[in-house]
Amino acid sequence: MKWSAEAEAAINAVPFFVRKKVRKKVEAHAQSRGKKEVDIEDVTSLKKKFLSKGGMENEIQGYDISTCFGGEGCSNSANSCAELLVGIQSIMDEAEILTFLKKSVPGGLKFHHEFRVSLSDCPNACSRPQIVDIGIIGAVRPVAGTKECTRCMACVDACPDKAICLETKEHPLIDQDLCLLCGKCITACPTGTIEKSEQGFRVLLGGRLGRHPRLALEVPGIQSQQKVLAIVENCLTFYKTHSKNGNRFSKILTSLDQVLP
Ligand code: SF4
Ligand code: SF4
Ligand code: SF4
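A brief report on the enclosed structure follows. (Residues numbered from 1 in each chain as written. Chains lettered and ligands numbered in written order. Predicted model: local features only at pLDDT ≥ 70, side-chain atom pairs only at ≥ 80, totals over all residues. Heavy atoms only, no water.)

1. A closer look at the site of ligand 1
And then number 1: Close to ligand 1 lie Cys68, Phe69, Gly70, Cys74, Asn76, Ser77, Ser120, Asp121, Cys122, Asn124, Ala125 and Cys126.
And then number 2: Its residues assigned to classes, the shell around ligand 1 shows six nonpolar, five polar and one charged. (Near = heavy atom within 4 Å. Nonpolar A, V, L, I, M, F, W, Y, C, P; charged D, E, K, R; others polar.)

What follows is the structure, given as structure tokens:
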């Protein structure tokens, strides 16, 4: 939906942690009034309602899942999180986090109490999975196969992380410490010499922003969809068992061993 310049400036002044939600609400509000473009009046009326006493609490769902726009056909996608999203959403619903939060948080609920999940289809991580409770990144591992390499250098040029070396061997050497599992070299290789050896997801746990920010801890390796869902379930069980008075997941998670199956 189109936004007027004035409306765009006004939405950008809304605190970032509620901006996305307010934006969606404003668009729905404008659409319900038969409008094709959001104007300043739509923003101010919704902003007032959303940030007023009690207004925010009514909007809290207990958890928040954000995604990148890889599903809309982004060419960088290493692995689609679309199916995983459905599974995670169903686990979240079954966990009844809102009911849990209402019982355990003293005073009114705020957005920062929500359990946050973020999924990105590639390591560019547009939905910022490193700073939420559970972050998922689509991943694909390259391997040099047996097909002849023409030494065209396309893979070297395509790799944003300088993880591929062709200087000492006929076949490319892929540095697994530098590789971020984006799959660009696989797509770029015209001979099929670089192949896909494994596809799945990277899992990051316990990240947060705020006064004491922390980047999430990463589970080593690439996980299958089934394994990711098992980890998500464990995280929620751990969270509901140990979180008191609205303590964030990231505050109580000190080691990955606490939640890995
Ligand atoms: S995270 Fe990757 S796939 Fe998703 S929108 Fe960003 S660049 Fe595209
Ligand atoms: S998967 Fe991505 S980061 Fe890894 S070697 Fe290929 S292009 Fe480089
Ligand atoms: S892109 Fe493929 S053929 Fe070209 S140098 Fe790399 S591995 Fe060899």
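Still more to cover.
2. Brief notes about the nonpolar core
And then number 1: Within the largest apolar cluster, 48 residues are counted, with the highest numbers of intra-cluster contacts made by Ile88, Met92, Phe115, Ile136, Leu205 and Phe249.
And then number 2: Sorting elements by how many residues they give to this core places helix H9 (residues 225-242) first, with seven residues.
And then number 3: Excluding its chain neighbours within four sequence positions, the residues that come into contact with Leu205 are Asp133, Ile134, Arg214, Ala216, Leu217, Val219, Ile231, Cys235, Phe249, Leu253, Leu256 and Val259.
And then number 4: Membership of the second largest hydrophobic core comes to 18 residues, among which are Ala139, Val140, Cys155 and Cys179. (Core = buried A, V, L, I, M, F, W, Y, C linked by side-chain atoms within 4.5 Å. Buried < 20%, exposed > 50% of the residue type's maximum accessible area, 1.4 Å probe, protein only. Helix = DSSP H or I, 4+ residues; strand = E, 2+ residues; numbered from the N terminus. Contact = heavy atoms within 4.5 Å.)

3. What about the pattern of salt bridges?
It is possible for side chains of opposite charge to pair when their charged atoms get near one another.
And then number 1: Scanning the entire structure with this criterion turns up eight salt bridges.
And then number 2: In this structure, Glu218 engages Arg202 in a salt bridge whose closest nitrogen and oxygen atoms are separated by 2.8 Å. Of the two residues, Glu218 sits in strand E9 (residues 217-223) while Arg202 sits in strand E8 (residues 194-205), which places them 16 residues apart along the sequence.
And then number 3: The class of Arg202 is buried, set by a relative accessible area of 11%.
And then number 4: Each of Arg33, Lys35, Asp39, Glu41 and Asp42 takes part in salt bridges that share partners, so that together they form one network. (Salt bridge = Lys/Arg side-chain N within 4 Å of Asp/Glu carboxyl O.)

4. Some words on the pairing of strand E5 (residues 134-144)
And then number 1: Counting buried positions along E5 yields eight of eleven residues, so the element is predominantly enclosed.
And then number 2: With four bridges joining them, strand E4 (residues 115-120) and E5 adopt parallel strand pairing. Bridge pairing in E5 links Val117 to Ile134.
And then number 3: Where E5 meets E8, eleven bridges bridge the pair, whose relative direction is antiparallel. Residue pairing across strands places Ile134 opposite Leu205, the latter belonging to E8. (Pairing = 2+ DSSP bridges.)

5. Here's the deal with the site of ligand 3
And then number 1: Taken together, 14 residues lie near ligand 3, and Cys149, Cys152, Cys155, Cys189 and Thr191 sit nearest.
And then number 2: Classifying every residue of the shell around ligand 3 by side-chain character gives ten nonpolar, three polar and one charged.

6. Quick word on the packing of helix H6 (residues 97-104) against H9
And then number 1: Relative orientation of the contacting elements H6 and H9 amounts to 15°, with a least axis distance of 11 Å. The angle between the axes of H6 and H9 places the two elements in the roughly parallel class. Of the two possible hands of crossing, H6 and H9 adopt the one that is left-handed. Where H6 approaches H9, its residues Ile97, Phe100 and Leu101 are matched on the opposing element by Leu236, Tyr239 and Lys240.
And then number 2: A per-class count over the contact of H6 with H9 returns five nonpolar, no polar and one charged. (Axes fitted to C-alpha atoms, helices over the stretch in contact; angles between N-to-C directions. Parallel < 35°, antiparallel > 145°, perpendicular 65-115°, else oblique. Left-handed = near helix turned anticlockwise from the far one by under 90°.)

7. Considering the sheet that holds E5
And then number 1: In spatial order, the strands read E3-E4-E5-E8-E9; together these five strands make up an open sheet with mixed pairing. With partners counted over all chains shown, the strands left at the sheet margins are strand E3 (63-67) and E9, one partner each. This sheet shows a mean twist of 25° between the axes of neighbouring strands, independent of strand direction.
And then number 2: Where H9 meets the sheet, its contacts fall on E4, E5, E8 and E9, and the angle it forms with E8 comes to roughly 5°.

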